[in-house]
Amino acid sequence: MTLPRLLFRTPTVRYCTTVALNDTSPPIVQTVNNKLIRPLSDFLHKEASAGILLVLAASAAMIWANSPWSDSYFDLLSTDAFVGIGDFEIELNIKEWINDAAMVLFFFVVGLEIKRELTQGELRDPRQAALPIIAAIGGMIVPAVIFTVLNAGGEGQDGWGIPMATDIAIVMGVVALMGTRAPSWLKLFLLALAIVDDIGAIMVIAVFYSEGVSFEWLAIAIGAVAVAAVSRSTLKSIGPYMVLGAICWLGLHQAHIHPTLAGVVFGMMAPVHPFRSTALVDADELAQQPTVTNALRVSSQARDTVSIVEWLEHKLHPYSAFLVVPIFALANAGIRIPASEVGDAFSNPVTWGVILGLVVGKAIGITTFTLGAVALKVGTLPAGVTPRYVMGAGALGGIGFTVSLFVTELAFGEEVVGTDARLGVLIASLLAAAIGTAVLIPGRVLDDRSMDGHLPEPHVPV
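What you see is a predicted model, and the numbers here were worked out from it, not measured in a lab. (Residues numbered from 1 in each chain as written. Predicted model: local features only at pLDDT ≥ 70, side-chain atom pairs only at ≥ 80, totals over all residues. Heavy atoms only, no water.)

1. Considering the packing of aromatic side chains
Now for step 1: Scanning the model with the defined rule gives eight aromatic pairs in all.
Now for step 2: Between Phe107 and Phe406, the ring centres sit 5.2 Å apart and the planes meet at 55 degrees, which makes this aromatic pair tilted. Taken together, the residues span a long stretch of sequence, with Phe107 in helix H3 (residues 94-119) and Phe406 in helix H16 (residues 401-412) at a distance of 299 residues.
Now for step 3: With a relative accessible area of 1%, Phe406 lands in the buried category.
Now for step 4: With a centroid separation of 6.1 Å and an interplanar angle of 45 degrees, the aromatic rings of Phe328 and Phe406 are classed as tilted. Taken together, the positions of Phe328 in helix H12 (residues 308-332) and Phe406 in helix H16 put the pair 78 residues apart, joining distant regions of the chain.
Now for step 5: On the basis of relative accessible area, Phe328 is assigned to the buried category, the value being 1%.
Now for step 6: By way of ring pairs, the aromatic residues Phe106, Phe107, Phe328 and Phe406 are connected into one cluster.
Now for step 7: In this structure, Arg388 is placed above the aromatic ring of Tyr389, and the distance from its NZ or CZ to the ring centre is 4.7 Å. (Phe/Tyr/Trp six-rings, centres within 6.5 Å; stacked < 30°, edge-to-face > 60°. Helix = DSSP H or I, 4+ residues; strand = E, 2+ residues; numbered from the N terminus. Buried < 20%, exposed > 50% of the residue type's maximum accessible area, 1.4 Å probe, protein only. Lys NZ or Arg CZ within 6 Å of the ring centre and 35° of its normal.)

2. Observations concerning the pattern of salt bridges
Now for step 1: Counted under the stated rule, the structure contains five salt bridges.
Now for step 2: Across the pair Glu113 and Arg116 runs a salt bridge, and its minimum N-O distance is 2.9 Å. Here Glu113 and its partner Arg116 are both found in helix H3, three residues apart, which amounts to about one turn of the helix.
Now for step 3: What emerges from the salt-bridge pattern is a single network uniting Lys95, Glu409 and Arg422. (Salt bridge = Lys/Arg side-chain N within 4 Å of Asp/Glu carboxyl O.)

3. Section: the nonpolar core
Now for step 1: Judged by nonpolar contacts, the single largest core of 110 residues is most densely connected at Leu396 and Phe401.
Now for step 2: With 13 residues, the top contributor of residues to this core is helix H6 (residues 184-208).
Now for step 3: Each residue touching Leu396, except ones within four places of it in the same chain, is listed here: Val171, Val174, Val175, Met178, Leu190, Ala432, Ala433, Gly436, Thr437 and Leu440. (Core = buried A, V, L, I, M, F, W, Y, C linked by side-chain atoms within 4.5 Å. Contact = heavy atoms within 4.5 Å.)

4. Regarding the environment of Pro271
Now for step 1: Here Pro271 is to be found in the loop between helix H9 (261-268) and helix H10 (284-288).
Now for step 2: Overall, Pro271 belongs to the buried group, its relative accessible area being 19%.
Now for step 3: Between the C-alpha atom of Pro271 and that of Ile308, which follows or precedes it by 37 residues, the distance is 5.5 Å.
Now for step 4: In this structure Pro271 touches Arg232, Ser307, Ile308 and Val309, once residues within four positions along its chain are discounted.

Take a look at the structure:
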């Protein structure tokens, strides 16, 4: 009788059982596939679910901030907490710890996804990536121009980066609710667009929202990155990288560069190639001697057949999507708006700059740049995807919640103009979701890949 044989594949695990009826008969092979890691579908479906939780957290923040218990909300966020060793300490309030420290995990996952997309996904081939890249550029330039025109020379002129971002979590949640009315192309296009959008937002944060840089501390941060880069091909344990990441975060914080950029940098340094080939994983010994030691050894070998990027994204993305981002929304979406001051908020050009930038600027920028690229034959739309779907994607791109609020905090802090900008982000995101849904909902795309949990690995047809 032939003993069972266990083979490992990536990104799925395949269990192959070979059974011989007798010593002379040919074996009967029974194969059962079990999903382990499918990076794209894993990412999209977690984002879709997380978008709903994010909206609930933001709603709770708004209700709490405008309730009779609103003082407890703001008092909690302004409570100071410090970490120190000897005479050295870092003191931040709860909101700052969330925005500066907890959000490192969010940006780390963003860095992982950027790395995967640049090396294995839609953005790996310039020709293939042309359409979403061009769309993202249009979706950043036009909103920034609209905001700047309305606020040039005013107190809100530094907020031009606010309407440039797209929140992929809420966008995927809205698309998920459409079911088969949204083609799979739309999900992939918006994902690639949001990744390019994130790259742009990271560059804007690093260049334009960092002041008074301390080059001594910056050198320490760069040194930590250099050590990590040199060691990444030899060290397989995550512990040293966590220490180096903490040093990088501290260096950036003390250098007055937003420390969440440490997450992006370390995410993009994660290896995309597995340490072990699947051919080197053989479970014969486990089948013959099913001991705990052999099981752990084979499990470790199988783990090494999956790239660090895919593994970390698979493990950390739930914590980012379902814990960090909702907490961020709870801490940043709470805006106290007395009824008597609503009129003042809507008379502020900052509020209108954000609303028009996200709702109008994103739609115009994404749609015109995409259709212009198609007209110039830089890229082509897949069969069945009409300009209406492009316009719907452009409208949904105006949902700029998480990163837009993040940039608002960097640009204005707790100033009154910051409150007006946050109100603009919330209103614009609601309007963009409603308009995008209204544009897309009349159609129906019979595509069994749309929301069945089995999306193929990414290909944005261009």
